[in-house]
Amino acid sequence: MTASRSPASRHLTPLVLALAAGGVLGTPLSAQYFGRNKVQYETFDFQVLRTENYDVYYYPEEQVAVRDAARMAERWYSRLSRIIDHRFENKQPLVLYGSHPEFQQTVTTGSDIGEGTGGFTEAFKRRVVMPLAGSYEETDHVLGHEMVHAFQYDIAGFGRGGAGGLEAAARRLSVPLWFTEGMAEYLSVGPIDPHTAMWVRDAALTGEIPTIEQMTYNTRYFPYRWGQALWAYIGGRWGDAVVGQILKQVGQGVPYEEAFERILNTPLEEISEDWHTSIRRPYLPLLNERKEAREIARPLITQRREGGQVNLVPSLSPDGRYVAFLSELDFLDVELYLADAETGEVI
């Protein structure tokens with residue numbers, strides 16, 4: 001790897017289209033003039049770390065962590081290019097910030113970035129822009145997720161042929177969020193994920209597993225989790241190679257429904273039914289053997305007992321006497337509270 005200096009303004013052009021990652025639904029971000037109306041509290045002395053497949057934009061304060069992130073990025077490129085069977089013609093731009101507050105000051109997009117956005121990939125120049133997360137594990141996950149989007153954009157033809165090419169690419173990649181975000185989660189997390197398993201298990205218990213059609217048209221079904229579950233089923237049944245094959249069909253302008261049928265030789269409706277069966281078969285027997293929470297425990301902190309409408313991430317003290325939890329108990333802000341673990345009384 002070699003590093004060279006380069007002013008950020010020469011490389012960070014206006015955002016045309018973006019997908020957000022890190023647990024937040026992706027939304028299109030409007031094109032604006034470079035840096036327009038964006039408040040910056042700090043000046044970043046961007047340099048470029050050049051690796052085999054990336055130009056990594058960073059500032060010297062984060063050099064050690066950035067070199068580790070660059071190694072992660074190369075591993076992701078090696079893995080994804082093999083699974084998807086596609087390589088980029090040019091190096092992949094990767095813009096790294098040292099923290100989320102610094103990331104929120106980025107001028108690669110004129111739009112505001114919320115606290116829940118872990119990173120984004122803009123379409124026209126295929127740039128991945130993200131902060132270093134609190135742990136290497138999360139940085140690796142977001143980087144892998146966003147790199148899948150970079151492959152999706154490149155295969156669809158974003159950034160080729162000016163505005164007309166951009167419009168054509170957007171039409172080719174006009175697919176449901178479960179397709180793009182679910183694929184990014186599956187290829188970056190894998191088939192087994194406790195968050196997704198929780199959603200799937202609950203749906204099996206209540207009999208509310210969504211069909212692919214419902215996932216497409218009903219925003220009630222979170223595309224990250226359900227899309228990941230569907231792609232995990234497809235990858236497990238037909239092999240991961242079909243993920244790239246389907247994506248390439250869509251990138252050539254084939255409607256996603258037809259692409260599934262061409263590659264898997266199975267109608268999408270039948271895939272949906274078989275997927276449901278694959279969920280019910282392992283989960284329902286397990287649920288039948290488990291007692292409900294009310295049978296083995298009692299509610300301690302709920303909306304009606306000491307808590308607010310939102311009570312999250314409870315954590316017991318080492319001696320078991322206290323429980324800490326997050327809640328908007330006093331007003332609108334979510335804050336940290338401490339309660340007696342026996343009575344639930346907020347201390």
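Details of the structure are given in the entry above.
Thresholds, definitions, all that
Residues numbered from 1 in each chain as written. Predicted model: local features only at pLDDT ≥ 70, side-chain atom pairs only at ≥ 80, totals over all residues. Heavy atoms only, no water. Helix = DSSP H or I, 4+ residues; strand = E, 2+ residues; numbered from the N terminus. Buried < 20%, exposed > 50% of the residue type's maximum accessible area, 1.4 Å probe, protein only. Contact = heavy atoms within 4.5 Å. Areas by Shrake-Rupley, 256 points an atom, 1.4 Å probe, with all protein chains shown as cover. Patch = residues over 30% accessible without salt bridge, like charges linked within 9 Å, V, L, I, M, F, W, Y side chains within 5 Å. Salt bridge = Lys/Arg side-chain N within 4 Å of Asp/Glu carboxyl O. Axes fitted to C-alpha atoms, helices over the stretch in contact; angles between N-to-C directions. Parallel < 35°, antiparallel > 145°, perpendicular 65-115°, else oblique. Left-handed = near helix turned anticlockwise from the far one by under 90°. Phe/Tyr/Trp six-rings, centres within 6.5 Å; stacked < 30°, edge-to-face > 60°. Lys NZ or Arg CZ within 6 Å of the ring centre and 35° of its normal. Pairing = 2+ DSSP bridges.

Visitor: I'm lost on the overall build of the protein chain in this one. Help?
Guide: Looking only at helices and strands, the protein chain features 12 helices and 10 strands. In the protein chain, which comprises 347 residues, the share counted as buried stands at 48%. Counting contacts in the protein chain only where the partners sit at least 6 residues apart, residues at least 24 apart contribute 63% of the total. Per element, the accessible surface of the protein chain, about 18,200 Å² overall, is 50% carbon and sulfur.

Visitor: Teacher, can you tell me more about a nonpolar patch on the surface here?
Guide: Taken together, the side chains of V310, L312 and V313 define a hydrophobic patch exposed on the protein surface, amounting to about 240 Å² of accessible area. Overall, V313 belongs to the exposed group, its relative accessible area being 59%.

Visitor: Any chance you could explain the packing of helix α9 (residues 241-251) against helix α10 (residues 256-264) here in plain terms?
Guide: Two measures define how a pair of helices packs: the angle their axes make with one another and the distance between the axes. Across the interface, α9 lies against α10 with an axial gap of 9 Å and an inter-helix angle of 135°. When the axis of α9 is compared with that of α10, the two are oblique. Pair α9 / α10 crosses with right-handed handedness. In this structure, α9 contributes V242, Q245, I246, Q249 and V250 to the contact, and α10 contributes Y256, A259, F260, R262, I263 and L264.

Visitor: Sorry if this is basic, but what is going on with the pattern of salt bridges here?
Guide: When their charged atoms lie close together, side chains carrying opposite charge are able to pair. One pass over the full model with this rule turns up 11 salt bridges. R50 is paired through a salt bridge with D55; the nearest N and O atoms lie 3.1 Å apart. As a salt-bridge pair, R262 and E258 come within 2.8 Å of each other at their nearest N and O atoms. Within this pair, R262 and its partner E258 are both found in helix α10, separated by 4 residues, close to a single helical turn. Among the residues examined, R262 registers a relative accessible area of 47% and is labelled partly exposed.

Visitor: How should the packing of aromatic side chains be read in this particular structure?
Guide: To describe a pair of aromatic rings, one takes the distance between the centres and the angle between the planes. Under the counting rule described, the total for this entry stands at 25 aromatic pairs. Pairing W178 with F179 gives two aromatic rings, centres 6.1 Å apart and planes at 55°, and the pair type is tilted. Residue W178 is classed as buried on the basis of its relative accessible area, which comes to 1%. We classify F179 as buried; its relative accessible area is 0%. Measuring from ring centre to ring centre gives 6.1 Å for W178 and F260, while their planes differ by 45°; the resulting arrangement is tilted. Of the two residues, W178 sits in helix α5 (residues 177-189) while F260 sits in helix α10, which places them 82 residues apart along the sequence. The same class applies to W178 and to F260, which are both buried. Feature note: the residues F44, F46, Y59, Y97, F103 and F120 constitute an aromatic cluster, connected by ring pairs. Seen from the ring of F88, R126 lies directly overhead, with NZ or CZ sitting 3.9 Å from the centre.

Visitor: Any chance you could explain the sheet that holds strand β9 (residues 322-327) here in plain terms?
Guide: Backbone-to-backbone hydrogen bonds join strands into a sheet, with any given pair of strands oriented parallel or antiparallel. Pairing is antiparallel in the open sheet, where 3 strands are placed in the order β8-β9-β10. Bordering the open sheet on either side are β8 (311-316) and β10 (335-340), each of which pairs with just one other strand. Ignoring which end each strand starts from, the neighbouring axes of this sheet average 25° apart. By the bridge criterion, 6 bridges tie β9 to β10 in an arrangement that is antiparallel. Opposite Y322, over in β10, you have D340 as the bridge partner.

Visitor: How do you make sense of the side chain of T180 when you look at a structure like this?
Guide: Within the fold, T180 resides in helix α5. For T180, a relative accessible area of 5% translates into the label buried. Those residues within four positions of T180 in sequence are excluded, and the remaining contacts are H149, Q152 and V175.

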